[in-house]
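# Chains, contacts and geometry: an overview
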Amino acid sequence: MTDINLPAVVKQVTEAFIDYERALLVNEMETLDHYFWDSVHTVRYGVAENLYGAQDIAAYRRVCVPVGPGRELYNTVVSTFGEDYATVSTQFRDGETARVGRQMQTWARIDGRWQVVAAHVSIDLSSLQE
């Protein structure tokens, strides 16, 4: 049976995710690149883009509008499976609009460090209905 949510592993993934989010808010490209698995198999689906491979993800980051400093996360859930696999799910507000965003990342420990191997970012359209 796989060990789920081992405290030490949850702590490691949480720390990596927090640092990833810090880098996102300050648009620190090298750190963001470092957190994504450097592979053609890495996938990131965004609100308006589908990116395949770490090179496409890195190129997109250099031309997209950076995340604003008002971004706030909530309902963040870190789930780990064994010592080398995890998911991080969160919702966010951009601090400028009423939109609610959702973000899911699949993390894997590869060569001793935690890396995002798949990510999905979307806007919850139901949050725009009144």
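Let us look at the structure shown here. (Residues numbered from 1 in each chain as written. Predicted model: local features only at pLDDT ≥ 70, side-chain atom pairs only at ≥ 80, totals over all residues. Heavy atoms only, no water.)

Here D124 shows up in the segment after β6 (113-123). The side chain of D124 sits in the buried core without any salt bridge; R102 is the nearest counter-charge, 4.1 Å away. A distance of 2.6 Å separates polar atoms of two side chains, one belonging to D124 and the other to S126. Non-local contacts of D124, meaning those with residues more than four positions away in its chain, are made with V100 and R102. (Helix = DSSP H or I, 4+ residues; strand = E, 2+ residues; numbered from the N terminus. Buried < 20%, exposed > 50% of the residue type's maximum accessible area, 1.4 Å probe, protein only. Lys, Arg positive; Asp, Glu negative; His and termini not counted. Salt bridge = Lys/Arg side-chain N within 4 Å of Asp/Glu carboxyl O. Polar contact = N/O pair within 3.5 Å; in protein donor to acceptor, adjacent residues only side chain to side chain. Contact = heavy atoms within 4.5 Å.)

Turning next to the sheet that holds β6. One open sheet holds the 6 strands; their spatial order is β2-β1-β6-β5-β4-β3, and the pairing between them is mixed. A strand with exactly one partner marks an edge of an open sheet, and here the two such strands are β2 (50-52) and β3 (72-81). Adjacent strand axes in the sheet meet at a mean angle of 15 degrees, parallel and antiparallel pairs treated alike. Sheet topology places strand β1 (residues 43-45) next to β6; 3 bridges connect them, and they run parallel. Within the sheet, the bridge partner assigned to V43 lies in β6 and is A118. (Pairing = 2+ DSSP bridges. Axes fitted to C-alpha atoms, helices over the stretch in contact; angles between N-to-C directions.)

Here we come to helix α1 (residues 7-25). An ideal rise of 1.5 Å per residue puts 27 Å on 19 residues; α1 measures up with 27 Å between its terminal C-alpha atoms. V9, V13, A16, F17, Y20, E21, A23 and L24 are the residues of α1 that are buried. An end-on view of α1 places all buried positions within 160 degrees of arc, on one side of the element. Residues of α1 that are exposed and point more than 90 degrees away from the buried face comprise P7, K11 and I18. The secondary structure elements touched by the buried residues of α1 are α2 (29-35), α3 (54-61), β3, β4 (85-93), β5 (100-110) and β6. Where α1 ends, the next residue or the one after it, N27, has phi of about 60 degrees, a positive value. (Expected span 1.5 Å × (residues − 1). Arc of directions from axis to C-beta.)

Let us look at the environment of A108. Among the secondary structure elements, A108 is positioned in strand β5. You can call A108 buried: its relative accessible area is 13%. Along the primary structure A108 and V13 are separated by 95 residues, whereas in three dimensions their C-alpha atoms are 9.2 Å apart.

What follows concerns the pairing of β6. Judged by how many residues are buried, β6 sits mostly within the fold: 8 of 11 residues are covered. Two strands pair when backbone bridges link them, and β5 and β6 are joined in this way by 10 bridges, in the antiparallel orientation. Paired with I110 across the strands is R113, a residue of β6.

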